[in-house]
Amino acid sequence: MTASVSVVVPTRNRPELLRKAIDAILGQDYAGPIEVVVVYDQSEPDHSLERADAHRRVRVITNERTPGLAGGRNTGILAVTGELVAFCDDDDEWLPGKLAAQADVLAARPEAELCSIGVVIDYDGRDVDRTLGVDSVTLPDLLRSRLTELHPSTFLFRRAALVDGIGLVDENIPGSYAEDYELLLRAARRAPIANAPGVGVRVRWHRQSYFTARWATIAEALEWLLERYPEFAGAPRGCARITGQIAFAQAAGGHRRDAMRWAGRTIRHSPREARSYLALAVATRLVSADTVLRRLHERGRGI
């Protein structure tokens, strides 16, 4: 019997992209029932999106928990009953075959609690495929690298494992920044993350991102992450990646002294970590943070 799927879509002020996201979910070639729960966060809900079809249902609710992405996701998780729970951001789009491919992987691997799939990054009209050539991702893998390919819009969980084992999205993360990465780390502590082959989601990177200029929040959230995952101490490259991101955020936010301090810490962890030198370049005004990010995004990469 094909598993029922509930898809949680948190949203805030993106009505046109939201409709595209919903249409792509409902249009999946998947034999089982699909329920979409749209969670409005700090914005007025649009109940015209609702559909009562039992096979392809859409519900609209409001975030009843902490304002922000983490609270919105959790409101949705607790409101659904599907055997499988998926995430989709309101500005992303599932590609044909995405859901069936991941559901097949979970059906074939009963030990797996979470499955991901590759993405295509869409930035300024340029498409860059990001896929992993592996069928499993472990905690050491995630400590070394954030792995952009494991985007939250690809996450497909067994609901029982998510609610009763892995746990809800952590709402204490400052600004909900990196809540998806923290959830991956927590999931990988329990079991390797399954990865389906191919590309399943179009991820749109654009200047409407709520984190584009929230540098202080980004730095605070990353420090929070380091404190709560002592495993980074045994992964120097991964630790340097995080401290390098903090250095860059401090530089981009105009905090030159803090940027220098974090860049120095990064170099001590790993002299080859490029983020430390990018942070120093931004802090000394050799280049702007916007220029660095634009160049990286054109290649389907982030800081």
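Figured I'd write up the structure that's included with this text. Starting from 1, residues in each chain are numbered consecutively following that chain's sequence as written. Restriction of local features to residues with pLDDT of at least 70 applies here, the model being predicted, together with a cutoff of 80 or more for giving and counting side-chain atom pairs; totals for whole chains, interfaces and linings are based on all residues. Side-chain figures throughout are based on the complete set of non-hydrogen atoms in the structure, without hydrogens or water.

Some words on the overall build of the protein
Within the protein, the secondary structure is distributed over 11 helices and 10 strands. Summarising its shape, the C-alpha atoms of the protein cover approximately 60 × 40 × 35 Å along the three principal directions. Each of the 303 residues in the protein was classed as buried or not, and the buried ones make up 55%. Whether two residues are in contact is decided by their heavy atoms: any pair within 4.5 Å suffices. Considering only contacts within the protein whose residues lie at least 6 apart along the sequence, 72% involve residues at least 24 apart. Computed with a 1.4 Å probe, the accessible areas rest on the Shrake-Rupley method; for each residue, only the protein chains presented here act as cover. Carbon together with sulfur atoms contributes 49% to the accessible area of the protein, which is approximately 13,500 Å² in total. Only four residue types enter the tally: Lys and Arg on the positive side, Asp and Glu on the negative side, with His and both chain ends excluded. Think of each charge as sitting on NZ of Lys, CZ of Arg, CG of Asp or CD of Glu. In the protein, 40 positive and 40 negative side-chain charges are present, and the distance between their average locations comes to 7 Å. Secondary structure elements are taken from DSSP: a helix is a run of H or I of four residues or more, a strand is a run of E of two residues or more, and numbering for both begins at the N terminus. Summary of the burial criterion: residues with accessible area below 20% of their type's maximum are buried, those above 50% are exposed, and those between are partly exposed, where the area comes from a 1.4 Å probe applied to protein chains only.

A closer look at the environment of Ile166
Topologically, Ile166 is positioned in helix 5 (residues 159–166). C-alpha of Ile166 to C-alpha of Leu185: the two residues are 19 residues apart in sequence and 9.8 Å apart in space. Apart from the residues within four sequence positions on either side, Ile166 is in contact with Glu113, Phe157, Ala161, Leu183, Arg186, Ala187 and Arg190.

Considerations on the pattern of salt bridges
What counts as a salt bridge is simple: a side-chain nitrogen of Lys or Arg found within 4 Å of a carboxyl oxygen of Asp or Glu. This model, assessed by the stated rule, comprises 22 salt bridges. Close ionic contact of Glu149 with Arg130 constitutes a salt bridge, the shortest N to O distance being 3.2 Å. Here Glu149 is found in the loop between helix 4 (139–144) and strand 9 (156–158), whereas its partner Arg130 is found in strand 7 (residues 126–130), with 19 residues between them in sequence. The closest approach of N and O atoms between Glu227 and Arg228, which form a salt bridge, is 3.5 Å. A relative accessible area of 61% places Glu227 in the exposed class. Judged by its relative accessible area of 41%, Arg228 falls in the partly exposed class. Ionic contacts of the salt-bridge type, sharing partners, join the residues Arg14, Asp90 and Asp91 into one network.

Here's the deal with the nonpolar core
Residues belong to a common nonpolar core when they are buried Ala, Val, Leu, Ile, Met, Phe, Trp, Tyr or Cys residues joined through side-chain atoms within 4.5 Å. If you look at the biggest cluster of nonpolar residues, it comprises 60 residues, and the most contacted ones within it are Phe87, Leu142, Leu185, Phe232 and Phe248. Setting aside its immediate chain neighbours within four residues, Phe248 contacts Trp215, Leu278, Ala279, Val282, Ala289, Val292, Leu293 and Ile303.

Examining the environment of Leu185
Looking at the secondary structure, you find Leu185 in helix 6 (residues 179–190). Given the relative accessible area of 0%, Leu185 is considered buried. In the structure, Leu185 is positioned 58 residues away from Thr243 in sequence and 17 Å away in space, judged by C-alpha atoms. Setting aside residues up to four positions removed in sequence, Leu185 forms contacts with Leu139, Leu142, Leu143, Leu225, Tyr229 and Phe232.

Structural notes on the packing of aromatic side chains
Stacked, tilted and edge-to-face are the three classes assigned to paired rings of Phe, Tyr and Trp, where Trp is represented by its six-membered ring and a pair needs centres within 6.5 Å; plane angles under 30 degrees give stacked, over 60 edge-to-face, the rest tilted. If you walk through the whole model with that rule in mind, you get 4 aromatic pairs. Aromatic side chains Phe155 and Phe157 sit 5.9 Å apart centroid to centroid with 90 degrees between the ring planes, which places their arrangement in the edge-to-face category. Each member of the pair, Phe155 as well as Phe157, is classed as buried. Distance and angle both matter: a charge sits over a ring if NZ of Lys or CZ of Arg is within 6 Å of the ring centre and within 35 degrees of the ring normal. Against the face of Trp94 rests Lys98, its NZ or CZ located 3.7 Å from the ring centre.

Considerations on the pairing of strand 4 (residues 84–87)
Burial of strand 4 is two-sided: the residues Leu84 and Ala86 facing one way and the residues Val85 and Phe87 facing the other way are all buried. By definition, two strands form a pair when at least two bridges between them are found by DSSP. Across 4 bridges, the pairing between strand 1 (residues 5–11) and strand 4 is parallel. Bridge pairing in strand 4 places Val8 opposite Phe87. In this sheet, strand 9 lies alongside strand 4 in antiparallel orientation, the contact comprising 3 bridges. Within strand 9, the residue paired with Leu84 across the bridge is Arg158.

Quick look at the environment of Ala188
Relative to the helices and strands, Ala188 is located in helix 6. Residues Ala188 and Ala103 lie 85 residues apart in sequence; the distance between their C-alpha atoms is 19 Å.

Here's the deal with the state of the cysteines
We call a pair of cysteine sulfur atoms a disulfide when they lie within 2.5 Å. Enumeration according to the criterion identifies 0 disulfides in this entry. Between Cys88, a free cysteine, and Cys115, which holds the nearest cysteine sulfur, the sulfur-to-sulfur gap is 15 Å. What makes Cys88 buried here is its relative accessible area of 0%.

A closer look at helix 2 (residues 69–79)
Within helix 2, 8 of the 11 residues are buried, which leaves it mostly tucked inside the rest of the structure. Elements that come into contact with the buried residues of helix 2 comprise strand 1, strand 2 (34–40), strand 3 (56–62), strand 4, helix 5 and helix 6.

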